[in-house]
Amino acid sequence: DPENNYLLVIDEVNRANIAKVFGELITLIEDDKRTGQPNGLTTKLTYSADSFGVPMNLTIVGTMNTADRSIALLDIALRRRFTFIEVTPNPELLSPVDDLPLSQLLRRLNERIQVLLDRDHLIGHSYFMDIKNVADLRFTWEHRVIPLLQEYFYNDGERLQALIGSSFITTVRISGDSLGALGELIDPDGQQYAIAELSDEAFLDALKQLAGV
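Everything numeric here is computed off the predicted structure, so don't read it as measured data.

Participant: Break down unusual backbone geometry for me, citing the residues and quoting the values.
Facilitator: One non-glycine residue, Glu12, adopts positive backbone phi at about 50°. When you line up the elements, Glu12 lands in the loop between β1 (6–10) and α1 (18–22). Here Glu12 falls in the partly exposed class, since its relative accessible area comes to 36%. Unusually for a residue other than glycine, Ala49 sits at a positive phi of about 70°. Tracing the backbone shows Ala49 in the loop between β2 (43–44) and β3 (51–52). Residue class for Ala49 comes out partly exposed when judged on its relative accessible area of 46%.

Participant: Run through the packing of helix α4 (residues 102–116) against helix α8 (residues 200–211), naming residues and quoting values.
Facilitator: At their nearest, the axes of α4 and α8 sit 8 Å apart, and the two run at 65° to each other. For α4 against α8, the interelement crossing comes out left-handed. Across the interface between the two elements, Gln104, Leu105, Arg108, Leu109 and Arg112 of α4 pack against Leu207, Leu210 and Ala211 of α8.

Definitions and cut-offs
Residues numbered from 1 in each chain as written. Predicted model: local features only at pLDDT ≥ 70, side-chain atom pairs only at ≥ 80, totals over all residues. Heavy atoms only, no water. Helix = DSSP H or I, 4+ residues; strand = E, 2+ residues; numbered from the N terminus. Buried < 20%, exposed > 50% of the residue type's maximum accessible area, 1.4 Å probe, protein only. Axes fitted to C-alpha atoms, helices over the stretch in contact; angles between N-to-C directions. Left-handed = near helix turned anticlockwise from the far one by under 90°. Contact = heavy atoms within 4.5 Å.

Put into structure tokens, the structure is as follows:
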């Protein structure tokens, strides 16, 4: 069908077995190796024995998450056959909720993440898209954003508290009785952290503080 253009999207291509996904295509998808091009190539299909080539009207898009460590498995053979386009978080796409500018919240949050970790771990704007009210925002924050941040800062409550504030991450106070009972099993000078349970008003106030408004 040479009169029309086609798009093939391979989601999270870095998680796949690249050799099995592409096979002989790893060479045939190159621009100058497409059918009709000066260096056009074809291959004989294993089962049908038909001659097969990749036309110019097929565009292949592979998506990847740079925070995923499996991206390191992409070898040079694949990297040099694709054009890489970075899609960064776009806070301007977000609408405010209850006088809380989500765009500024995401910007502040990612600014801190970049300092504490790196730019590959920035939170995408899609987490905060289509939020209409405080209930939507709480669900997103408590069940999507916080679990992601806990994964980023696994067993590091101090940095997580520094990232989102002491209103969300509180220090756990251990009673004298518990300290005495546990004895040398715990570090008496060590800090334990927990996620705070907040009312809607306190929740919004904490986010506004994080956003700097």
